[in-house]
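Spelled out, the chains give:
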Amino acid sequence: MLTARPTDPAAPLKVALMSCAHTHAGSYAALLESRADVELVVADPDGYGDVRGVRLVPSYADAWEAWPEGPDAIVVTSANAHHRDLVLEAARRGVHVLCEKPLATSVPDAEAMVAACHEAGVVLMTAFPVHFSPAVQALRTAVAEGALGEVIGLTGTNNGKLPTARDWFTDVELAGGGAMVDHTVHLAEILDSVLGPPATVHATTNRILHADRAGEGAETGGLVTLTFDSGVVATIDCSWSLPEDAPTWGGLRLQALGTGGQLQIDAFAQHVGGPGQWLPYGSDLDALLLDAFLGAVRDGRAVDPTGEAGLRTVRVVAAAQESVRTGQPVALAEV
């Protein structure tokens, strides 16, 4: 296993985007291609063909070999089940990694990815763009400074449309599950950054919505309840519940209630909208995520949200899945 080689601060970073399977691939590719400090290659082994205007290659092997010394970093935007192999190969080659969420489809895979990158001395970060939302930062600051008094409970909603044109999102083998896997981790990461990991997880799911379109066994609606050692209770509505004619894919909201007040945040409030219209403005969260990752690559040191943060959210999802199976709360320590 190689260790990460130092990057030349005067030279562009060589970055390979691995797969166009995830819906974020197009945004990441456009942002990376626009940067003067990045040389980008995009691998599209599944032939989606909808990420244009970039140096496109048809296989992962071509991306690994696009430069004589290989890439400095990769961005993993494959189907969830393929994250592990790509990240382990990056660690073997001494290449830094930004990996889409969820980090993996199982706790053992996520643990192996974190361990391999740690051993290789490479950066591993998990792609949680909402971590960089000014609204989320305002929540972290308010809780840390005691502006809400003692926090009693939090209610989160991460709803969206059932993904289209990327059918693997509803394939349990490729995605690891359905809406609960897709939409729990963003809020789980935010709660983790505010309160640390929960003590227990209790979850319920259903297939009331879109059952005719979702893959076999993929939940389309869910509610995850997290209980922390302090007694704080947080809920996550993690459903594919937006109608087809909604003007955007979905959103993320979180309400925190304390003894001294409450705070409601909407990570995507910066927009002008109307019937069939959604015009965002303000902070580009994907761009802020990529700025943090490329800075971490230059420094050789991961920043939040790290691979470890991604692992902790995979543990929350695994506990939620076990809770659905048993109908009982599951202690995170048991996952």
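Residues numbered from 1 in each chain as written. Predicted model: local features only at pLDDT ≥ 70, side-chain atom pairs only at ≥ 80, totals over all residues. Heavy atoms only, no water.

Time to look at the overall build of the protein. Scanning the protein from terminus to terminus reveals nine helices and 15 strands. In the protein, buried positions account for 50% of the 335 residues. Sequence separation of 24 or more characterises 72% of the internal contacts of the protein that already satisfy a separation of 6 or more. Positive and negative side-chain charges of the protein, numbering 20 and 41 respectively, have mean locations separated by a distance of 3 Å. (Helix = DSSP H or I, 4+ residues; strand = E, 2+ residues; numbered from the N terminus. Buried < 20%, exposed > 50% of the residue type's maximum accessible area, 1.4 Å probe, protein only. Contact = heavy atoms within 4.5 Å. Lys, Arg positive; Asp, Glu negative; His and termini not counted. Charge placed at Lys NZ, Arg CZ, Asp CG, Glu CD.)

Our focus in this paragraph is the sheet that holds strand 15 (residues 330-331). Reading across the sheet, the seven strands line up as 12-11-7-10-9-8-15 and stay open at both edges, with mixed pairing between neighbours. Only two strands of the sheet have a single neighbouring strand rather than two, namely strand 12 (261-266) and strand 15. As paired strands, strand 9 (residues 221-227) and strand 10 (residues 233-237) are joined by five bridges and run antiparallel to one another. Paired with L223 across the strands is D237, a residue of strand 10. Against the sheet, helix 7 (residues 179-195) touches strand 7 (151-160), strand 8 (200-206), strand 9, strand 10 and strand 11 (250-258), its axis set at about 150 degrees to strand 7. The strands touched by helix 9 (residues 307-326) within the sheet are strand 8, strand 9 and strand 15, with strand 8 carrying the most contacts at an inclination of about 60 degrees. (Pairing = 2+ DSSP bridges. Axes fitted to C-alpha atoms, helices over the stretch in contact; angles between N-to-C directions.)

The next point concerns the environment of D50. Checked against the element boundaries, D50 lands in the loop between strand 2 (38-43) and strand 3 (56-57). Expressed as a C-alpha distance, the spacing of D50 and A25, which sit 25 residues apart in the sequence, is 9.7 Å. Side chain to side chain, D50 and R166 meet in a polar contact 2.9 Å long. (Polar contact = N/O pair within 3.5 Å; in protein donor to acceptor, adjacent residues only side chain to side chain.)

Note: strand 13 (residues 271-274) against strand 14 (residues 277-280), four bridges, orientation antiparallel. Its bridge partner being in strand 14, V272 is matched across the sheet by L279. Hairpin connection, strand 13 to strand 14: the antiparallel pair is bridged by two residues, and G276 has positive phi, about 70 degrees.

Side chains of V272, L279 and Y281 sit close together on the surface and give an oily, nonpolar patch of about 320 Å² of accessible area. Relative to the assigned elements, V272 resides in strand 13. (Patch = residues over 30% accessible without salt bridge, like charges linked within 9 Å, V, L, I, M, F, W, Y side chains within 5 Å. Areas by Shrake-Rupley, 256 points an atom, 1.4 Å probe, with all protein chains shown as cover. Salt bridge = Lys/Arg side-chain N within 4 Å of Asp/Glu carboxyl O.)

For the rest of this paragraph, the subject is the side chain of H183. With respect to the helices and strands, the residue H183 is situated in helix 7. Of the polar contacts made by the side chain of H183, one reaches the side chain of D182; its length is 3.5 Å. If we ignore the near neighbours within four places in the chain, the residues touching H183 are N158, N159, G160, I236, C238, S239, W240 and W249.

This part covers the pattern of salt bridges. Taken as a whole and judged by the stated rule, the model has 14 salt bridges. Between R166 and D50 there is a salt bridge; the shortest N-O distance is 2.9 Å. In this pair, R166 sits in the loop between strand 7 and helix 6 (172-175) while D50 sits in the loop between strand 2 and strand 3, placing the two residues 116 residues apart along the sequence. For D50, a relative accessible area of 42% translates into the label partly exposed. Notably, a salt bridge pairs E89 with R93, separated by 2.6 Å at the nearest N-O pair. Of this pair, E89 and R93 both sit in helix 3 (residues 83-93), four residues apart, which is roughly one turn of that helix.

What follows concerns the packing of helix 5 (residues 134-144) against helix 7. At their nearest, the axes of helix 5 and helix 7 sit 9 Å apart, and the two run at 30 degrees to each other. With respect to helix 7, the axis of helix 5 lies roughly parallel. Seen along the crossing, helix 5 lies across helix 7 with a hand that is right-handed. Within the contact between the two elements, helix 5 uses V136, L139, R140 and V143 and helix 7 uses I190, S193 and V194. When grouped by side-chain class, the residues that make up the contact of helix 5 with helix 7 number five nonpolar, one polar and one charged. (Parallel < 35°, antiparallel > 145°, perpendicular 65-115°, else oblique. Left-handed = near helix turned anticlockwise from the far one by under 90°. Nonpolar A, V, L, I, M, F, W, Y, C, P; charged D, E, K, R; others polar.)

If you walk across this open sheet you meet the six strands as 3-2-1-4-5-6, and the pairing is parallel. Edge positions in the open sheet fall to strand 3 and strand 6 (124-127), since each of these has one partner strand only. In terms of strand pairing, strand 2 meets strand 3 through two bridges, oriented parallel. By the bridge assignment for strand 3, A43 is matched with V57.

If you trace the backbone, N158 turns up in strand 7. On the basis of relative accessibility, which here comes to 1%, the residue N158 falls in the buried class. A polar atom in the side chain of N158 sits 3.0 Å from the backbone oxygen of G251. When near neighbours in sequence (up to four residues on either side) are disregarded, N158 contacts H183, H186, L187, D237, C238, S239, W249, G251 and L252.

Quick look at the packing of helix 7 against helix 9 now. Here helix 7 crosses helix 9 at 125 degrees, and the two axes come no closer than 9 Å. Looking at the two axes, helix 7 sits oblique to helix 9. Crossing of helix 7 over helix 9 shows right-handed handedness. The residues of helix 9 that touch helix 7, namely those facing M180, V181, T184, V185, A188, E189 and D192, are R312, T313, V316, V317, A320, Q321 and V324.

Shape is all these values report; function is a separate question.
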